[in-house]
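Below, each chain spelled out in residue letters.
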Amino acid sequence: MKKLLLASALTLSALSFAQVQWKNTRFGVTAGLNYSRVANAHNPSGPRYTFQGGALALIPVGKANQFYIQPEVLYYGAGETGKDKDAKGKDGYDAVYGNNYLSVPLYFKGYFSESESEFFGMIGPRFNFLLNQNVKDVPADRPYYDPDVIDPARPTVNGKAKSFNWGLGLGVGYSFKRQLEVAVKYDLGFSDTYPGLAKEKGGTDKKKSEQVLALTLSYIFK
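Residues numbered from 1 in each chain as written. Predicted model: local features only at pLDDT ≥ 70, side-chain atom pairs only at ≥ 80, totals over all residues. Heavy atoms only, no water.

Q: What is the right way to look at the overall build of the protein in this model?
A: Secondary structure summary: the protein contains one helix and eight strands in total. With the C-alpha coordinates of the protein rotated into their principal frame, the extents come out at 65 × 35 × 25 Å. For the protein, buried positions account for 46% of its 222 residues. When the accessible surface of the protein is totalled, it reaches about 11600 Å², and 63% of it is carbon and sulfur. (Helix = DSSP H or I, 4+ residues; strand = E, 2+ residues; numbered from the N terminus. Buried < 20%, exposed > 50% of the residue type's maximum accessible area, 1.4 Å probe, protein only. Areas by Shrake-Rupley, 256 points an atom, 1.4 Å probe, with all protein chains shown as cover.)

Q: When you look at the pairing of strand β2 (residues 48–60) in this model, what are you seeing that I'm missing?
A: When a strand is regular, its side chains alternate between the sheet's two faces. Across eleven bridges, strand β1 (residues 26–38) lies against β2 in antiparallel orientation. Across the sheet, R26 pairs through a bridge with L58, a residue of β2. For β2 and strand β3 (residues 67–81), the ladder comprises seven bridges, and the chain directions are antiparallel. By the bridge assignment for β3, A55 is matched with V73. What sits between the antiparallel neighbours β2 and β3 is a turn of six residues, in which G62 has the positive phi angle 80 degrees. (Pairing = 2+ DSSP bridges.)

Q: Sorry if this is basic, but what is going on with the side chain of Q52 here?
A: Looking at the secondary structure, you find Q52 in strand β2. Judged by relative accessible area, Q52 falls into the buried class, the value being 2%. Among the polar contacts made by the side chain of Q52, one reaches the side chain of N34 at a distance of 2.9 Å. Discounting residues that sit within four places of it in the chain, Q52 has contacts with A31, G32, N34, L74, Y75, Y76, A214 and T216. (Polar contact = N/O pair within 3.5 Å; in protein donor to acceptor, adjacent residues only side chain to side chain. Contact = heavy atoms within 4.5 Å.)

Q: Help me understand the packing of aromatic side chains in this model?
A: Working definition: an aromatic ring pair is given by the centre-to-centre distance plus the angle between the planes. Counted according to the given criterion, the structure contains twelve aromatic pairs. Here F129 and F164 contribute two aromatic rings whose centre-to-centre distance is 5.2 Å and whose plane-to-plane angle is 50 degrees, an arrangement assigned as tilted. Remark: F164 occurs in strand β6 (residues 164–176) and F129 occurs in strand β5 (residues 118–136); sequence separation between them is 35 residues. When its relative accessible area of 38% is taken as the criterion, F129 is described as partly exposed. The rings of Y68, Y111 and F120 are connected pair by pair, giving a single aromatic cluster. In this structure, K109 is placed above the aromatic ring of F120, and the distance from its NZ or CZ to the ring centre is 4.5 Å. (Phe/Tyr/Trp six-rings, centres within 6.5 Å; stacked < 30°, edge-to-face > 60°. Lys NZ or Arg CZ within 6 Å of the ring centre and 35° of its normal.)

Q: I would appreciate a short explanation of the sheet that holds β3 in the present structure.
A: As a general point, the strands of a sheet are linked pairwise by backbone hydrogen bonds and lie either parallel or antiparallel. Taken together, the eight strands give a closed barrel; going around it, the order is β1-β2-β3-β4-β5-β6-β7-β8, and neighbouring strands pair in antiparallel fashion. In this sheet, adjacent strand axes meet at a mean angle of 25 degrees when their direction is disregarded. Pairing of β1 with strand β8 (residues 210–220) involves eleven bridges; the strand directions are antiparallel. By the bridge assignment for β8, R37 is matched with Q211. (Axes fitted to C-alpha atoms, helices over the stretch in contact; angles between N-to-C directions.)

Q: What is the right way to read the pattern of salt bridges from this model?
A: If charged atoms from side chains of opposite charge come close, those side chains can pair. Taken as a whole, this structure holds seven salt bridges when the rule is applied. Residue D94 pairs with K83 through a salt bridge whose shortest N-O separation is 3.3 Å. Here D94 is found in the loop between β3 and β4 (96–111), whereas its partner K83 is found in the loop between β3 and β4, with eleven residues between them in sequence. Since its relative accessible area comes to 47%, D94 is described here as partly exposed. Since its relative accessible area comes to 40%, K83 is described here as partly exposed. The shortest N-O distance in the salt bridge between R142 and E200 comes to 3.6 Å. With a gap of 58 residues between them, R142 in the loop between β5 and β6 and E200 in the loop between β7 (180–189) and β8 connect regions that are remote in the sequence. In this structure R142 comes out as buried when scored by relative accessible area, which is 19%. Accessibility expressed as a relative area gives 11% for E200, which makes it buried. Through salt bridges that share partners, D141, R142 and E200 make up one connected network. (Salt bridge = Lys/Arg side-chain N within 4 Å of Asp/Glu carboxyl O.)

Put into C-alpha cells, the structure is as follows:
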C-alpha cells in the first residue's frame, strides 16, 4: 500500500512538474483545531484537542484555474490523552500524551470547477518532525509512558515518540473567491509513533499509528 502511494505520488509529480506556474504562486496563512488519537498506544486512551497553524503556498498546475500544489509549514499538535469515557475516576484518566510537531504537508489540490467560489478536494503526504512531548499524569503502574522515566522493571520499554513520522492527508473544503477557505482534513499516520511500547508486557505489538481530524480556516493573499 505504501509503495503504491509513493509510486503514485512520484508519477503525479513528474507529470505535473512541467506544467507548474511558479510565477503565479500565491501565499497565505492557515490555522485550525485538531482532534487526535493514537491507536494501540496507551491505556486508558482518549482524544487530545489541540491546534495547528502556519503558512501555505498555492502553486498553479496548468493554465486552468483549477489544479494546484499546496505545500504548508505548520506548528501541529497531535497525540492523545487518557480521557476514555469508560475510565472516569480511574488512574490515568487525566494523563496527557502530547506530541507537537513541525509539520510539512504537500497536497495536490483540485477545485471542482474554475468558478471563483467553489468546493475543492486535496490529497498528499504529510511529514512530521517532533518538536517536543508534553506528558503528564501517567498511570502509576505504567511510569514508562513518560519518555523521561526508566522503569527498572521494564528498562527496554519507553513512551518516547519517534522524532519523524509521515502519513497521508485527505481533505475537502469550500473556497470563497479563492481567498477565504474552510476545510475538513483527515491525516492517517503510517509510522509507528511509539516503537518502544511494542515491548510492553500485556500490551500489543501492533503499530501505534497517529490519526488527526482537523477543521481549518485559511486566508490566501492576492
